Structure formats: C-alpha cells, structure tokens
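Each chain, letter by letter, is given below.
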Amino acid sequence: MRRPKKYEAGEATQYISRRAALRKLQLSLNDFRRLCILKGVYPREPKHRRRAQKGSSEIKVLYHTKDIRFLLHESIVWTLRDYKIFAKKSNRDRAIKDFRNLKRRLALFPEIKLDHIVKERYPTFIDALKDLDDCLTLLFLFSTFPSLHLIPREQSNLCRRLTIEFLHYVIASKSLRKVFISIKGYYFQAEIKGQKVTWIVPHYYPFKPQSRQEVDFKVMSIFVEFYTIMLGFTNFRLFHGLNLAYPPQFPSSVLQDSEESLKDEASFVSDRIAALNFELLRTDKVQEDEEELDIDMELLEQDGDSKRIIKMKQEAQEVSRLRTLFKGLKFFINREVPREPLVILIRSFGGKVSWDSSVFAGSAYDESDETITHQIVDRPSLATQYISRDYVQPQWLFDCVNQRQLLPTNKYFLGEKLPPHLSPFVDSKRDTYIPPEEKALLDPSLIETHAQSDDDSEDEAEKEEEETVDQELLDAQLQLAYQQETAEYKKYGGPDGVNEDEEDPEEDDEEDDDDDEEEEEEVDEKTKRLQQEKQKMSVQSGKVHKVNKRQVHKAEVDEHRLQARMVKPRHRNLFRKLIREKQTKEKEEWLLRKKRRTIEAGEKEARKTAKREARKEAAAAAAKASKLGK
C-alpha cells in the first residue's frame, strides 16, 4: 500500500484557488466572474486556510473543487469561448475592410441563453419566490437609470416593464401587507403563495454619476441579466395563476418609448406611474371586483379550539379586512406628493386614485369631483378646499396599512405635526429599546395616558412652581411662630418650657401609671398571645429600602466572572462574542433612551417658553384694555 503524501487528502483537495480554476476552465477573469454569478458559485472560507492552501501563508480566493468541476460541463463556457473567436475574426475583418464577411458574422453573433440555469437553480416555483427579494430591489433600482456605458437603454426598459408587471400582480391579487418609508426608499412586503417577499422602491432623484471605485456597474449588470430572466418566468406563472393575460396589454399612449419621452425624464417617470392606474385584461369572464370566497374554517376544526387554530382564524380575518381597507374611497394626489408608492398602496387595497391631468398623464377624474373622499397634500395650506373631503398628509396611508385599520385623520391634517412613523418590520417582543408610541399601540390601555402625559407634565410643572412659592411663605410664617413660642417659654416657663408649680401633679400621675403597669402584668398569657397576634396582623408604615448600586454592580461582576470560569476553553470565544453582543445592545438601548430624553426635554422647554410668552402677551393685552377702559 502506497503511503499518502502531504496535501493529497483532506482540505487541500477540497479547495482550489481562483488562478488554478482559471487555468482549468481556460477563461479570462471577467468571463469567469460572469459565469460564477450566473451559476451561483461563490468563494468559500475554509476552516483551516493554511491546510487548504497547501502550506501557503498568503491569502488567496478559494472555491470548492466540486463547484469548478460542475462548471466544466456548463454549455455557457463554450459560448464564452465563441465570444473570443467572434472578437478575433470580426477584428480581422475590420482590419482588412471585408465588410461583407463582417456583416455575415454580426448576424451570427453568439447569444447566451439562461433559461436552463433558472430552472436548474430554482427547481420549484416556491424556491424562486424565496429568492425574489434581491431580484426585485435590484431591478427597481435599474429601472430608474438612464442609458450608461455599461447599462444599455434596452436593459433599463426591460427592468421597468418587468417591475410594472409585478406591481400589477400585487395590485390584482391584493397581496400587499406592510409598507415603510426610510432614507433608502419605500419598503414593501407582499405575501405570495405563503412566502413573504420584501423589496425597496428607491426615491426618485435625478441620476448622479458614480466613480468606478464606488460602484461596479459591470458586475451589477450581470446580476440584472440573470434576474430579468428569472422575474420574467415568475411573472408568467403569477399572471396565469390569476387568469390574467400575459404579457399585459397597456394603452397605446403608455410605455411607448419615443424620442421625446427618452429626452424628458419627467414624462418618462409619469408614463411608468400612469401604467399602474389601468385595469388588466383577464382571460376568464369573472369580474375583478368580485370578492374572494371566505376561507373554509370547518377544515381547521379537527384540532378543536387550539391556540394555533384561533390565531390562524384571527390572522385570516385581519387579512380579509386589510384587502378591502380603502374600498369605496376615492383619492386625489396633489402635484407635490410622490405618486408611485401612493398609487401602489391605494390600488392594492381597493381604492381609486387620480391626479392633475394637466400635469401628468393617466388621471381618472379631476380635482373638482365631489365624490372624492380624501385629498393627499404635502403643503401647509391650500387656497381652495372642499368641505366634502378630508385633506391629509401622505403618512396617513402608510400608518393605516401598517395598523390594518382606517385611523382618525385629525392628526394628519394640513400643517399638523405628524406622529412618529413606526416600522412594522421589527419584532414587537424584542429585548431592545421600544419607543413609548409603539408600546401604546401594543397595549391600548397606554394610549390615553401617553397622549395626556405631555399635558399632565406641564400641569404638574405649573403646580410645582406654585407650590414652591406657597411653601416658602408657609416656612417663613412657621419660623416666626416658632421664635415667638420659644421666647414665651423662656420667659414664663422652665428650661423645658414647663412651670415648676405643675410638676407635683405629674409625679402623682406617674405613681398611678406604675400601679396600672403592675395590674397589666397580671393579665393571663392568652390575652398576651392574642395581643401579639393582633399586632402582627396590624398595618404598619412601610420603610424605604435604599438600594446600594455599588453592591449590586459588584455582585453582577462577580457573577459574570464565575460564569466565565465555568465556560469550557473551547467555548470561550463564543462566550466572549455573546457577552460583547449583549453589551453593544445595552449601550445602543441606553443611547436611544438618552436621545429620547434630550428630545423630550427640549420639546418640553419649548412648550413652556411658548406658554410663558402667551401669558405675557395676554397680560399685556389685558393691561392695555384696562388703561383704555379708564
């Protein structure tokens, strides 16, 4: 039996460096990177890097050897090699000016087909839905890009069309569940076939060119190339599941890229939003307004009234109410409000929406329509207002969806200070800092107390100021009375403030007390026991227990040291990591509480100064009125 040599087995044979992989596949670095992105092959981190690199101490990019063997049998490798042959031959034809041969070669340009890779990476439809988050986020980003060197106009147009098709499915299926506004953009979460899909729609800003060191558009465009094929397959399956015609047919005036629309960015964006405000063509004759059948709860009665079944019933009822949250309501969006996220929201929950037809295309009705129930405005005031509708700020729509009910509009009127916009994507039972507004939402009993806390604190502050003034006056009066009494005692009484003539009767009283004490000693033991039991049962005043913080901290440190000693040596790094994470969480919570206290203190001080100024103005006005009256 031959003795195995070093690095012929184990981790050394499981990993291969990138240079060796390029040599084995006979590809350039750019082609290898493109192939790995399309096939889903990524670098790996070995457990023992020195062994995996066959004793080398330098840091290399390593891949699994089985992944590289897997790439050897891929048909795309031959297409990438055909690209090299095509480039060499076409360059030769240009050099010798053989344009006839060059035209023939351009017609036979090798194209990469990715259909088989999508089916290979996602064997089932649910697998594709699970990996849809990054796909949608990247395609929504690329749909807003202009034509660049590495991003052709055809690619951004394809991204725009695919994302609009997906949004139409979300609107038709009413599968939207959560929304949130952040600095990055608008977060949306939909529930499709039992899978939660979350994506970001970026804010609309004019495009700003980025340097290559910051953003590598070439790598991103390779991801987009794969994701467009994947989303096309997904949209086809989703549309046919709802009996909708695919590809959807839009009006001739919408999504038709002409020279004018490509030059004017505003009209390019307005076409995209107008496409969301049209009904889609169905393959069956069922009306879209027809409500879905209620969930048959009798199938779930086999387990009885278990907690899981009750929770499922409640969730199903909340979702059914959420799907028709804006049904019967008509909205009008003012020109200063971003329309795309609001159109998605309103149409996903059964509402109707429109905007100014003189500015943007695709409006359904004018502002003068008397049946409009809500107008979305983002300015402090309006010149003309209608009595028949509510004028609210855009945050009202997002908060209604997240709380799954129509909220009162008085907190969202024009010019009102908006309540905090809470994220629905955080866990309500987390161990970190929870804002008081979120606590009030979780516990309805805290809503009134939290709403009245500011007023109560202001009233308490005013009362404290008045009480301090009254207390100072009372202390001065008591001090004066005490001085007078001590002077009288020294003048007419003894050193203890008692006359000497009155001392004899007190001595007699003391003798009587001694006799009473002797009689009490003769009481039976039973009565003593009863008295002792009564004393035990009596209510006594509580004593304040002052906690020594130093002792508590010392006890915690000792306990932590004892825990660290009990940890096994192989688990000490994990223990330290857990303790470090715990400390960072505590520090973040402390910083957030401190930030909240400083903000509340500043707001409280501002309200106090405003009230004082108002009182001064009222007093000055009253004094002026009295002078005029005289």
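Numbers given for residues are sequential positions, taken from 1 along each chain in its written order. Where totals are concerned, whole chains, interfaces and linings use all residues; where local detail is concerned, this predicted model gives features only for residues with pLDDT of at least 70, and gives and counts side-chain atom pairs only at 80 or more. Side-chain numbers come from the whole structure's heavy atoms, not from hydrogens or water.

(A) Inspection of the overall build of the protein chain at higher detail. Numbering goes from the N terminus for both helices and strands, where a helix is a DSSP run of H or I of at least four residues and a strand is a run of E of at least two. Within the protein chain, the secondary structure is distributed over 23 helices and 9 strands. Across the 630 residues of the protein chain, 31% fall into the buried class. When checking whether two residues touch, look at their non-hydrogen atoms; a contact exists if any pair is within 4.5 Å. For the protein chain, restricting intrachain contacts to residue pairs at least 6 apart in sequence, the fraction spanning at least 24 positions comes to 62%. Carbon and sulfur atoms make up 51% of the accessible area of the protein chain, which amounts to about 44,200 Å² in all. Burial classification: accessible surface area is computed with a 1.4 Å probe over protein chains only, and a residue below 20% of its type maximum counts as buried, one above 50% as exposed, and the rest as partly exposed. Every accessible area reported is derived by Shrake-Rupley at a probe size of 1.4 Å, with residue values counting cover from the shown protein chains alone.

(B) Just the packing of aromatic side chains, in detail. Between the rings of Phe, Tyr and Trp (Trp by its six-membered ring), a pair exists once the centres lie within 6.5 Å; its type follows the angle of the planes, with under 30 degrees stacked, over 60 edge-to-face, and the other angles tilted. Following the criterion strictly, the structure yields 19 aromatic pairs and no others. Three or more aromatic residues joined by ring pairs form one cluster here, namely Y122, F223, F226 and Y227. We count a charge as sitting over a ring when the NZ of a lysine or the CZ of an arginine lies within 6 Å of the ring centre and within 35 degrees of the ring normal. Its guanidinium or amino end placed over the ring of W78, R81 lies 4.7 Å from that ring's centre, counting from NZ or CZ. Its guanidinium or amino end placed over the ring of W355, R339 lies 4.9 Å from that ring's centre, counting from NZ or CZ.

(C) Quick look at the packing of helix α2 (residues 18–25) against helix α5 (residues 65–72). For helices, the fitted line uses only the C-alpha atoms of the stretch in contact; every axis is such a line through C-alpha atoms, and the angle between N-to-C directions lies from 0 to 180 degrees. Contact geometry of α2 with α5 gives a least axis separation of 10 Å together with a crossing angle of 20°. Looking at the two axes, α2 sits roughly parallel to α5. Crossing of α2 against α5: the hand is right-handed. Residue-level inspection shows A21, K24 and L25 of α2 in contact with α5, the latter providing I68, R69, L71 and L72. Amino acids outside the nonpolar list (Ala, Val, Leu, Ile, Met, Phe, Trp, Tyr, Cys, Pro) and the charged list (Asp, Glu, Lys, Arg) are all regarded as polar, and Gly is one of them. When its residues are assigned to classes, the contact of α2 with α5 shows 5 nonpolar, no polar and 2 charged. Orientation categories follow fixed angle ranges, with anything under 35 degrees roughly parallel, anything over 145 roughly antiparallel, 65 to 115 roughly perpendicular, and all other angles oblique. When the near helix sits turned anticlockwise from the far one by under a right angle, the crossing is termed left-handed; a clockwise turn instead gives a right-handed crossing.

(D) Helix α12 (residues 217–241), seen in detail. Multiplying 1.5 Å by the residue count of a helix minus one yields the expected span of that helix. Here α12 contains 25 residues, and its C-alpha end-to-end distance of 35 Å stays within 8% of the 36 Å for a straight helix at 1.5 Å per residue. Backbone geometry just after α12 places N243 at a positive phi near 60°.

(E) Here's a closer look at the side chain of H203. Residue position: H203 is located in the loop between β5 (195–202) and α12. Using a relative accessible area of 19% as the deciding quantity, one classes H203 as buried. For this analysis, a polar contact is any N or O atom pair within 3.5 Å, provided that within protein one partner can donate a hydrogen and the other can accept it, and provided that sequence-adjacent residues contribute only side-chain to side-chain pairs. Among the polar contacts listed, one links the side chain of H203 to the backbone oxygen of S182, at a separation of 2.8 Å. The residues touching H203, leaving out its near neighbours within four places in the chain, are I181, S182, I183, K184, G185 and Y186.

(F) Highlighting the pairing of strand β7 (residues 352–355). Strands are treated as partners if at least two bridges between them are detected by DSSP. Where strand β6 (residues 330–333) and β7 come together, 4 bridges link them in parallel fashion. The residue bridging K330 from the neighbouring strand is K352, located in β7. Seen with its strands pointing away from the viewer, a crossover is right-handed if its path from the first strand over the helix to the second goes clockwise. In terms of handedness, the path from β6 via helix α16 (residues 339–348) over to β7 forms a crossover that is right-handed.

(G) How the structure looks around the side chain of T228. Looking at the element boundaries, T228 is found in helix α12. Judged by its relative accessible area of 8%, T228 is buried. Setting aside residues up to four positions removed in sequence, T228 forms contacts with L139, L158, C159 and L162.

(H) How the structure looks around the sheet that holds strand β9 (residues 390–392). Strand order in the open sheet made by the 4 strands is β7-β6-β8-β9, with parallel pairing throughout. Only two strands of the sheet have a single partner each, and these edge strands are β7 and β9. On average, adjacent strands in this sheet sit at an angle of 25° to one another, irrespective of strand direction. On the sheet, α16 packs against β6, β7 and β8 (374–376) and is oriented at approximately 155° with respect to β7.

(I) Spatial organisation of helix α3 (residues 29–39). Burial of α3 is extensive: 8 of the 11 residues sit out of reach of the surface. Burial in α3 covers these residues: D31, F32, R34, L35, C36, I37, L38 and K39. In this fold, the buried residues of α3 make contact with α2, β2 (62–64), α5, α6 (75–96), α8 (115–121) and α12.

(J) Quick peek at the sheet that holds β5. Pairing is antiparallel in the open sheet, where 3 strands are placed in the order β3-β4-β5. Sheet topology places β3 (176–181) and β5 at the edges, where each strand pairs with a single neighbour. Each adjacent strand pair in this sheet contributes to an overall mean axis angle of 15°, direction not counted. Here strand β4 (residues 185–192) pairs with β5 via 8 bridges, running antiparallel. Bridge pairing links Q189 to T198 in β5. The sheet strands contacting helix α17 (residues 395–403) are β3 and β4, and the helix crosses β3 at an angle near 135°.

(K) Main features of the environment of K196. With respect to the secondary-structure elements, K196 resides in strand β5. Judged by relative accessible area, which is 55%, K196 ranks as exposed. Among all residues touching K196, those that are not within four sequence positions of it are D133, Q189 and A190.

(L) Molecular detail of the state of the cysteines. Throughout, disulfides are identified as pairs of cysteine sulfur atoms within 2.5 Å of each other. Across all of its chains, the model carries 0 disulfides by this definition. Among the cysteines around C135, which has no disulfide bond, C159 carries the closest sulfur, lying 8.9 Å off. Judged by relative accessible area, C135 falls into the buried class, the value being 0%.

(M) Spotlight on the confidence of the model for the protein chain. Residue-level pLDDT values for the protein chain average 81, and 79% of them are 70 or greater. The element-level mean pLDDT for the protein chain is lowest in helix α20 (residues 503–521), coming to 52, with β4 highest at 94. Per-residue confidence from the predictor is reported as pLDDT, a score between 0 and 100. Taken together, the stretch residues 288–294 has pLDDT below 50 and engages in 5 contacts with residues farther than four places along the chain or on a different chain. Predicted confidence is poor over residues 495–508, with pLDDT under 50, and the contacts of this stretch with residues over four places away or in other chains come to 4 contacts.

(N) View of the packing of helix α10 (residues 132–142) against α12. One way to put it is that α10 packs onto α12 with a least axis distance of 9 Å and a crossing angle of 115°. As summarised for this structure, α10 and α12 are arranged roughly perpendicular, according to the angle between their axes. In the crossing of α10 with α12, the sense of the turn from one axis to the other is left-handed. Taking contact as the criterion, the partners of L132, D134, C135, L136, L138, L139, L141 and F142 in α10 are, on α12, M220, S221, F223, V224, Y227, T228, M230, L231 and T234. A breakdown of the residues in the contact of α10 with α12 according to their chemical character gives 13 nonpolar, 3 polar and 1 charged.

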